[in-house]
Amino acid sequence: MIKYFLGNSPVWYKYTIITFLFFNIFSFFVFGPVITSWIFIAEFIFTLAMALKCYPLVSGGLLAIEVLLLKLTTPKNAYNEVAQNLEVILLLMFMVAAIYFMKPLLMYIFSKIFTKVKSKLMLSLLFVTLSAVLSAFLDALTVTAVLISVAVGFYGVYHKIHSSNLDLDGDSTLDRKQLSGETLESFRSFLRSLIMHGVVGTALGGVMTLVGEPQNLLIGEKMGWDFITFFKQMDVITVPVFFAGLLTTVILEKFRIFGFGAKLPSIAREIIENYTIQEDKNRSSKEKYRLVVQAVAIVFLIVGLALHLAPVGFIGLALIVFQTAFMGVTDEHQIGPAFEEALPFTALLVVFFVIVAMIHDQHLFKPIIEMALSMDASVQPTMFYIANGVLSAISDNVFVATVYINEIQATFEAGEITRLQYEKLAIAINTGTNLPSVATPNGQAAFLFLLTSSLAPLIHLSYGKMVKMAFPYAIVLGGVGLICVEYLL
């Protein structure tokens, strides 16, 4: 059983998970459900941290099943959590698959950007800014899916040259020899830093607008804020944080700290540039036609998301139909691979909602909320910001925001706080759940999606490395946000 249990995972990891499963039963009967629930959270975070040893769906799923067996939550309540987040699940299922069919065009565009923009600093700022702008009007997960597709495609180009007998730079040395060793590691570091800049950018932009993150929409509806009002309410915090984020990018790249600063090796740039030129020359009329179809699909995507014509998942499904129809992809087995990237993460997200339902049923955050509300009104926004930030780093930020906004709404309706105080607390909750949560993949779905994607092992992006690279951003974004809440709100 030990041989086949969790497959090729290290033996120590197998025994650790088995120990967890037995200890949780002991803890439930000895320490009670509340302490056991906190233990489950710590164990689930551990499975996420060990994502490269074993996909968290498997080990985390075993923990989720035990949560249900111990009745720390119920299947019905877990289902309700899934139902509330159905739009996110549909987004993952269909939008990521739609982007799969756009890969050739995305690769065409970004290969030009990668090879033409010589400055790594400018490229990094471009990734942060572009991701922030797109996330403010579209959706962080959609933007992350695009970034992952581009990076996987770009790595695929590198690997294709690396595993061939080509000599694209004409120096009588095979390209695969020049692209091995330190050059390959530098290339991985280059991609790793760019993708991390981009994902942080999704948090910078996502916090600003009503549609940037799911919890923003929830908070906006509770407060009765439209798109413009929401932006104006948040800008006293989000605008300074955005510029602080850009300054952090500059410092990280200039001083090459926390895993940033790696540049695209010049020999790799030259070889890839020659390869793209060769690909452009050899592109058939059919491939050119498909690029046109994909370009039209991207226009539809931007218009559909910007105008919110339908739920994001529906727009993704429509784009799948449009692209496959006009590109002549009619075989089921050609369409199937488009869904392979997102469905494992979708399943993991459902497992995560079981843990979230447990947090809700055991009222794990209630003491913290009550403590914050018992404080003086002048310090409440700061305390709510800190409490939301800490909890969002270990739990789902959408869930944390939902719990907190419902609590302060009930307090407001009971006449215990004024409308002005209600608005200040709502702003603190929104920024608190969006900014400090970049510290770990647990708080931001975009970060978790990247960690569990097919790209992470290619560029050697582990949980620990992601936390290390996100650390300076978490400190700056969280710190500047805290200062703004304290002195400007």
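Residues numbered from 1 in each chain as written. Predicted model: local features only at pLDDT ≥ 70, side-chain atom pairs only at ≥ 80, totals over all residues. Heavy atoms only, no water.

Enquirer: I'm lost on the overall build of the chain in this one. Help?
Expert: Each helix and strand counted, the chain has 24 helices and 0 strands in total. Taken over C-alpha atoms, the radius of gyration comes to 23 Å for the chain, in line with the 23 Å a tight globule of 489 residues would show. Expressed along its principal axes, the backbone C-alpha trace of the chain runs to roughly 75 × 60 × 50 Å. Here the chain holds 489 residues, and the buried ones make up 54% of them. In the chain, of all internal contacts separated by at least 6 residues, the share reaching a separation of at least 24 is 79%. Of the roughly 20,700 Å² of accessible surface on the chain, 67% is carried by carbon and sulfur atoms. Here the chain holds 31 positive side-chain charges and 34 negative ones, and the gap between their average locations is 9 Å. (Helix = DSSP H or I, 4+ residues; strand = E, 2+ residues; numbered from the N terminus. Rg over C-alpha atoms; globule rule 2.2 N^0.38 Å. Buried < 20%, exposed > 50% of the residue type's maximum accessible area, 1.4 Å probe, protein only. Contact = heavy atoms within 4.5 Å. Areas by Shrake-Rupley, 256 points an atom, 1.4 Å probe, with all protein chains shown as cover. Lys, Arg positive; Asp, Glu negative; His and termini not counted. Charge placed at Lys NZ, Arg CZ, Asp CG, Glu CD.)

Enquirer: Please clarify how the nonpolar core should be interpreted in this entry.
Expert: Within soluble globular proteins, side chains that are nonpolar generally end up buried alongside one another. Core analysis: the biggest nonpolar cluster contains 159 residues, and Phe114, Met196 and Leu450 have the highest contact counts within it. No other element matches the 14 residues that helix α8 (residues 140-162) contributes to this core. (Core = buried A, V, L, I, M, F, W, Y, C linked by side-chain atoms within 4.5 Å.)

Enquirer: Teacher, can you tell me more about the pattern of salt bridges here?
Expert: Oppositely charged side chains are able to pair whenever their charged atoms sit close together. Overall, the coordinates contain 5 salt bridges when judged by the stated rule. Close ionic contact of Asp280 with Arg283 constitutes a salt bridge, the shortest N to O distance being 2.9 Å. For Arg419, the salt bridge identified is with Glu423, shortest N-O distance 3.1 Å. Note that Arg419 and Glu423 are positioned in helix α21 (residues 419-434) at a spacing of 4 residues, about one turn of the helix. (Salt bridge = Lys/Arg side-chain N within 4 Å of Asp/Glu carboxyl O.)

Enquirer: I keep staring at the packing of aromatic side chains and nothing clicks. Help me out?
Expert: A ring pair, where both rings are aromatic, is described by two values, the distance of the centres and the angle of the planes. One pass over the full model with this rule turns up 20 aromatic pairs. Each ring, one from Phe28 and one from Phe29, has its centre 5.2 Å from the other, and the planes form 85°; the classification is edge-to-face. With 4.5 Å between their ring centres and 15° between their planes, Phe412 and Tyr422 make a pair best called stacked. Of this pair, Phe412 sits in helix α20 (residues 397-413) while Tyr422 is found in helix α21, placing the two residues 10 residues apart along the sequence. (Phe/Tyr/Trp six-rings, centres within 6.5 Å; stacked < 30°, edge-to-face > 60°.)

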